[in-house]
Amino acid sequence: LSICFRTVEPLEYYRRFLKENCRPDGRELGEFRATTVNIGKSGCSITTADGSALVKLGNTTVICGVKAELAAPAVDSANKGYIVPNVELPSLCSMRFRSGPPGEEAQAASQFIADVIENSQIIAKEDLCIANGKLAWVLYCDIICLDYDGNILDASAFALLAALKNVQLPSVTINEETGLSEVNLKQKNPLIIRKHPVATSFAIFDDTLLIVDPTAEEEDLATGTVTIVTDDEGRLCSVHKPGGSPLTGAKLQDCITRAITRHKEVKKLIDKVIKSIKPK
């Protein structure tokens, strides 16, 4: 009977749970789904990538591969490299996506990740410069959803951060005589990660009730969503609110407080995984 009710009146079905301060999957309103991360060759080996990570947020599964290439810096930013993110939501990850050029949700997710990189200063682009005006690193960050069940932004931001922490770049010098670049693959250095931005997403129900880490079904039933990005110092990097129900100042503050707690949980998880894969 409850399956029929859920199919015919999904919102009313949800409201009955929300009245009891819980959700159909058994979580409390402020509770995240089980979160796991595999970094580098420990569980998501993309052999062609310079850094990779796989993140699972409940059933939502995202993989990120970072590929580093050499290029000339832009004329107006002679001392900076580039970071080029791209989020893919292929038709294989969910019935809701079609094959072909990136849809609206994939474009919005790519833009969100680009904003996170820019606003948080996760990497200083100056650190990617090898020779002023001559040579710099370009980091292509490809984030691909393997299984979609909501909250793609949190999973994508997490996978990006974990993959960047796994990147090792070879030492590059420019030969003074020939003017050509020389790459030393035996000498590799990790990227300098300046900030650890973490995204925390909420769905808004009936304009007032906030639930954290929404599933795809919860996103569909919600009257709005909001994503808060914070850094190591608990500073706000960005607030992503694509329309929907407005939020009061007090509700937004509640979201920020929960996001700061979530940041600590994610950072702890990444540190633990990195420690476990470091050679003893």
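Cut-off values and rules
Residues numbered from 1 in each chain as written. Predicted model: local features only at pLDDT ≥ 70, side-chain atom pairs only at ≥ 80, totals over all residues. Heavy atoms only, no water. UniProt positions renumbered as here; feature names shortened; annotations may be inferred. Helix = DSSP H or I, 4+ residues; strand = E, 2+ residues; numbered from the N terminus. Rg over C-alpha atoms; globule rule 2.2 N^0.38 Å. Buried < 20%, exposed > 50% of the residue type's maximum accessible area, 1.4 Å probe, protein only. Contact = heavy atoms within 4.5 Å. Areas by Shrake-Rupley, 256 points an atom, 1.4 Å probe, with all protein chains shown as cover. Lys, Arg positive; Asp, Glu negative; His and termini not counted. Charge placed at Lys NZ, Arg CZ, Asp CG, Glu CD. Pairing = 2+ DSSP bridges. Axes fitted to C-alpha atoms, helices over the stretch in contact; angles between N-to-C directions. Phe/Tyr/Trp six-rings, centres within 6.5 Å; stacked < 30°, edge-to-face > 60°. Lys NZ or Arg CZ within 6 Å of the ring centre and 35° of its normal. Left-handed = near helix turned anticlockwise from the far one by under 90°. Expected span 1.5 Å × (residues − 1).

- An unreviewed UniProt entry annotates the protein chain as Exosome complex component RRP43 originating from Cathartes aura.
- Of the comments in the UniProt record for the protein chain, the one headed Sequence similarities (unreviewed entry) reads "Belongs to the RNase PH family."

### Digging into the overall build of the protein chain
Turning to step 1, where the next piece is worked out: Helix and strand content of the protein chain: six helices and 12 strands.
Turning to step 2, where the next piece is worked out: Its C-alpha atoms give the protein chain a radius of gyration of 21 Å, near enough to 19 Å, the size a compact globule of 280 residues would have.
Turning to step 3, where the next piece is worked out: Across its three principal directions, the C-alpha atoms of the protein chain cover 80 × 45 × 35 Å.
Turning to step 4, where the next piece is worked out: Residues classed as buried in the protein chain amount to 44% of the 280 residues present.
Turning to step 5, where the next piece is worked out: Considering only residue pairs separated by 6 or more positions, the protein chain has 66% of its internal contacts joining residues 24 or more positions apart.
Turning to step 6, where the next piece is worked out: Accessible surface, the protein chain: about 14,400 Å² in total, of which carbon and sulfur atoms supply 53%.
Turning to step 7, where the next piece is worked out: With 32 positive and 36 negative side-chain charges, the protein chain shows a separation of 6 Å between the mean positions of the two kinds.

### Digging into the UniProt feature "domain: Exoribonuclease phosphorolytic" (unreviewed entry) in the protein chain
Turning to step 1, where the next piece is worked out: Per the UniProt annotation, the sites labelled "domain: Exoribonuclease phosphorolytic" (unreviewed entry) are residues 32-170 and 197-260.
Turning to step 2, where the next piece is worked out: Between the C-alpha atoms that bound residues 197-260 the distance is 10 Å, and the span itself is 28% helix and 38% strand.

### Here's the deal with the sheet that holds strand β10 (residues 209-212)
Turning to step 1, where the next piece is worked out: On the basis of which strands lie adjacent, the open sheet formed by four strands has the order β10-β9-β11-β12 and antiparallel pairing. Where the open sheet ends on each side, the last strands, each with one partner, are β10 and β12 (236-240). With strand direction ignored, the average angle separating the axes of adjacent strands in the sheet is 25°.
Turning to step 2, where the next piece is worked out: Bridge count between strand β9 (residues 198-205) and β10: four bridges; the pairing is antiparallel. Residue I204 lies in a different strand from β10, and its bridge partner there is L210.

### Topic: the packing of aromatic side chains
Turning to step 1, where the next piece is worked out: By the definition in use, this model includes four aromatic pairs.
Turning to step 2, where the next piece is worked out: With a centroid separation of 5.9 Å and 15° between ring planes, the pair formed by Y14 and F205 is classed as stacked. Linking Y14 in helix α2 (residues 10-19) with F205 in strand β9, this pair joins segments that are 191 residues apart in sequence.
Turning to step 3, where the next piece is worked out: Ring pairing ties together the aromatic residues Y13, Y14, F17 and F205, which thus form one cluster.
Turning to step 4, where the next piece is worked out: If you follow R262 out to its NZ or CZ, it ends over the ring of F32, 3.6 Å from the centre.

### Focus on the side chain of R27
Turning to step 1, where the next piece is worked out: Mapped onto the elements of the fold, R27 is located in the loop between α2 and β1 (35-39).
Turning to step 2, where the next piece is worked out: The contacts of R27, once residues within four sequence positions are left out, are C22, F32, R33, V212, D213, T215 and E218.

### Thoughts on the packing of helix α4 (residues 152-164) against helix α6 (residues 249-277)
Turning to step 1, where the next piece is worked out: Between α4 and α6, the least distance of the axes is 11 Å, while the angle of their chain directions is 35°. The element α4 and its partner α6 pack so that their crossing is right-handed. The residues of α6 that touch α4, namely those facing F158, L161 and A162, are V266, L269 and I270.

### Looking at α6
Turning to step 1, where the next piece is worked out: The terminal C-alpha atoms of α6 lie 42 Å apart, and with 29 residues this matches the ideal 42 Å at 1.5 Å per residue to within 8%.
Turning to step 2, where the next piece is worked out: Among the residues of α6, those classed as buried are C255, I256, R258, A259, R262, H263, V266, I270, V273 and I274.

### So, unusual backbone geometry
Turning to step 1, where the next piece is worked out: For Q121, which is not glycine, the phi dihedral falls at a positive 55°.
Turning to step 2, where the next piece is worked out: Position of Q121 relative to the elements: it lies in the loop between α3 (104-120) and β5 (129-131).
Turning to step 3, where the next piece is worked out: Notably, D213 is not glycine yet its phi reads approximately 50°, a positive angle.
Turning to step 4, where the next piece is worked out: In this fold, D213 is placed in the loop between β10 and α5 (216-221).
Turning to step 5, where the next piece is worked out: The buried category is assigned to D213, whose relative accessible area is 0%.

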